[in-house]
Amino acid sequence: QSTDDRSKNALEVFESANSVKVMLPADDIFVPGTDQLLPRVYEMLDLLAVQAREVMSDKELSVEVRAPEGSPCSVAFSDNGSCNYWKLTAYQAISISNYMQTKGRVDPAKLIPVGRGTSPAMFLNDEERRKKRTSTVEFIYVTPPQNLKR
């Protein structure tokens, strides 16, 4: 299977001094409202895993998922009839991290799954407010702090 064109066009890459961030719409990765990966995304995840293992092997890989209010949410992630977005995004981040570890052969010590839930609109700048309309998955290759010993 080939990665669909929508995912390729929606992919965004940002670089900073100590990190590289790859951002994708969560709708291109998950069955809406669940932590179930869509088979069409496996090829893209495999490429990101190669990056983690070979090109950026000195970095950790943080997998961060965000879902705005009103995003699809299955009953498995609902509490008292309303979506628990933190729970949904945490399980989605774990699902991707599990794939990266088992199929992508990324060292589990380098994976950091993070469910971000939603962010209150008052804390977002204009660009973040615009992006908040869709759920996102961010793959952040980050240099670990040098002063922390493992």
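Definitions and cut-offs
Residues numbered from 1 in each chain as written. Predicted model: local features only at pLDDT ≥ 70, side-chain atom pairs only at ≥ 80, totals over all residues. Heavy atoms only, no water. Helix = DSSP H or I, 4+ residues; strand = E, 2+ residues; numbered from the N terminus. Expected span 1.5 Å × (residues − 1). Contact = heavy atoms within 4.5 Å. Polar contact = N/O pair within 3.5 Å; in protein donor to acceptor, adjacent residues only side chain to side chain. Core = buried A, V, L, I, M, F, W, Y, C linked by side-chain atoms within 4.5 Å. Buried < 20%, exposed > 50% of the residue type's maximum accessible area, 1.4 Å probe, protein only. pLDDT = per-residue confidence, 0-100. Salt bridge = Lys/Arg side-chain N within 4 Å of Asp/Glu carboxyl O. Phe/Tyr/Trp six-rings, centres within 6.5 Å; stacked < 30°, edge-to-face > 60°. Disulfide = S-S within 2.5 Å.

Novice: What am I meant to see in helix H3 (residues 85-102) here?
Specialist: Note that an α-helix has 3.6 residues per turn; residues three or four places apart therefore point the same way. Under the 1.5 Å per step criterion, the end-to-end length of H3 is 26 Å for 18 residues, consistent within 8% with the ideal 26 Å. As for H3, its buried residues are in contact with helix H2 (42-55), strand S3 (60-66), strand S5 (82-83), strand S6 (111-117) and strand S7 (136-142). Regarding H3, its N-cap is asparagine 84, as a side-chain oxygen of that residue lies 3.3 Å from the backbone nitrogen of tryptophan 86 further along.

Novice: Can you walk me through the nonpolar core in this structure?
Specialist: Soluble, globular proteins show a tendency: their nonpolar side chains are buried together. Of all hydrophobic cores here, the largest spans 26 residues; its most connected members are Ile29, Leu45, Ile96, Met100, Val137 and Phe139. Where this core is concerned, the elements lending two or more residues are strand S2 (19-25), H2, S3, H3 and S7. In terms of residues, this core owes the most to one element, H2, which gives 5 residues. Leaving out residues up to four positions away in the same chain, isoleucine 96 has contacts with Ile29, Phe30, Leu37, Leu45, Val63, Val137 and Phe139.

Novice: Would you mind showing me how to read the confidence of the model for the chain here?
Specialist: Detailed reading of the predicted coordinates is not advisable wherever pLDDT is low. In this model, the chain carries a mean pLDDT of 82, and residues with pLDDT of at least 70 account for 79%. Helix H1 (residues 5-10) is the least confidently modelled element of the chain, averaging 52 in pLDDT, while H3 averages 95, the highest of any element.

Novice: Hey, could you run me through the pattern of salt bridges in this one?
Specialist: Oppositely charged side chains can pair when the atoms bearing their charge come close. What the rule picks out here adds up to 5 salt bridges. Between lysine 21 and glutamate 138 there is a salt bridge, and its shortest N-O distance comes to 3.8 Å. Taken together, the residues lysine 21 in strand S2 and glutamate 138 in strand S7 connect sequence positions 117 residues apart. Owing to a relative accessible area of 25%, lysine 21 belongs among the partly exposed residues under this scheme. For the salt bridge of glutamate 64 with arginine 66, the shortest nitrogen-to-oxygen distance reads 3.7 Å. Judged by relative accessible area, which is 28%, arginine 66 ranks as partly exposed.

Novice: Could you clarify how one ought to interpret the packing of aromatic side chains in this entry?
Specialist: Two aromatic rings, taken as a pair, are described by how far apart their centres are and by the angle between their planes. Under the criterion given, the structure shown has 2 aromatic pairs. With a centroid separation of 5.2 Å and an interplanar angle of 15°, the aromatic rings of tyrosine 42 and tyrosine 99 are classed as stacked. With tyrosine 42 in helix H2 and tyrosine 99 in helix H3, this residue pair connects regions lying 57 residues apart in the sequence. On the basis of relative accessibility, which here comes to 33%, the residue tyrosine 42 falls in the partly exposed class. On the accessibility criterion, tyrosine 99 (9% relative accessible area) is buried.

Novice: Quick question: what am I supposed to make of the environment of glutamate 64 here?
Specialist: For glutamate 64, the position within the fold is in strand S3. By relative accessible area, glutamate 64 is classed as buried at 9%. In sequence terms glutamate 64 and alanine 90 are 26 residues apart; their C-alpha atoms lie 8.4 Å from each other. If near-sequence neighbours (up to four positions away) are discounted, glutamate 64 is found in contact with Val114, Arg116, Thr136, Val137, Glu138 and Ile140. Only 3.1 Å separates the side chain of glutamate 64 from the side chain of arginine 116, close enough to count as a polar contact.

Novice: How should the state of the cysteines be read in this particular structure?
Specialist: Under the definition given, this model contains 1 disulfide. For cysteine 73, the disulfide goes to cysteine 83, at an S-S distance of 2.1 Å. An S-S torsion of about 75° defines the bridge between cysteine 73 and cysteine 83 as right-handed. Highlighted residues: cysteine 73 in the loop between S3 and strand S4 (78-79) and cysteine 83 in strand S5, separated in sequence by 10 residues.

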